[in-house]
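Report on the structure
Each chain, letter by letter, is given below.
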Amino acid sequence: MSVERELAHVEPEIAAANLVEVRIAAEPAQLAVMRAVVGDLAMRADYDVDTIADLRLAVDEACSSLVRLAAPAATLVCRFRLAGDRLSVTAEVISDDAFGPRKDTFSWRVLSALADVVSTSVESDPAANGSHLVRIELTKGRTAHV
């Protein structure tokens, strides 16, 4: 499966109503769209104000990291999935760089502090002219109401 096909592939078991996919140009000016989408989804899922703010910042940090790695004219894809009391976000972009986001940066520390779980992966495809699919996945749970 090529990198481009992988980018468009959504597993059938998660292609339900609880999945939202957004595609934008991988440019800093477009990141407000992703912040708005995650904020709206978290609000509708009854997340508290602090958790919504954390999610907005985490998505902004993840997407900013990917935009810096993006190939020219690349598309940034984010999938938001609500499952119970968890909101999972998968952000991915095509990159000419074989390395994912650095984990020894302030940006990664902020991202790790804002989300419950954060991971990154890079998949290469020899048939795709040296391009790589760089992905950041994060999950944040709903804070219990006191």
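Look up: the structure comes first, before these words.
The text that follows walks through the structure, step by step, so that each part is easy to find. (Residues numbered from 1 in each chain as written. Predicted model: local features only at pLDDT ≥ 70, side-chain atom pairs only at ≥ 80, totals over all residues. Heavy atoms only, no water.)

**Focus on the nonpolar core**
Rules: Residues grouped as a nonpolar core are buried Ala, Val, Leu, Ile, Met, Phe, Trp, Tyr and Cys residues, joined through side-chain atoms within 4.5 Å. Accessible area is worked out with a 1.4 Å probe on protein chains only. A residue is then buried under 20% of its type maximum, exposed over 50%, and partly exposed in between. Numbering of helices and strands starts at the N terminus; helices are DSSP runs of H or I of at least 4 residues and strands are runs of E of at least 2. Contact definition: two residues touch when any of their heavy atoms are within 4.5 Å.
If you look at the biggest cluster of nonpolar residues, it comprises 37 residues, and the most contacted ones within it are M34, C63, L76, F80, V93 and L138. Among the elements of the structure, β1 (19–25), α2 (31–44), α3 (49–69), β2 (75–83), β3 (86–95), α4 (106–114) and β5 (132–141) are those that each provide at least two residues to this core. In contact with V93, other than residues within four places in its own chain, are A26, L66, A70, A74, T75, L76, H132, L133 and V134.

**Things to note about the sheet that holds β1**
Keep this limit in mind: Pairs of strands are assigned from DSSP output, requiring at least two bridges between the strands. Throughout, an axis means a line fitted to C-alpha atoms (over the contacting stretch in the case of helices), and angles, computed between N-to-C directions, take values from 0 to 180 degrees.
On the basis of which strands lie adjacent, the open sheet formed by five strands has the order β1-β2-β3-β5-β4 and antiparallel pairing. Of all the strands in the sheet, just β1 and β4 (117–124) have a single pairing partner and so form its edges. In this sheet, adjacent strand axes meet at a mean angle of 15 degrees when their direction is disregarded. Bridge analysis of β2 against β3 gives seven bridges, and the strand direction is antiparallel. The partner of A83 across the bridge, within β3, is R86. Strands β4 and β5 of the sheet are contacted by α4, whose axis makes an angle of about 125 degrees with β4.

It is worth stressing that arrangement in space is one thing and function is another; only the former is reported here.
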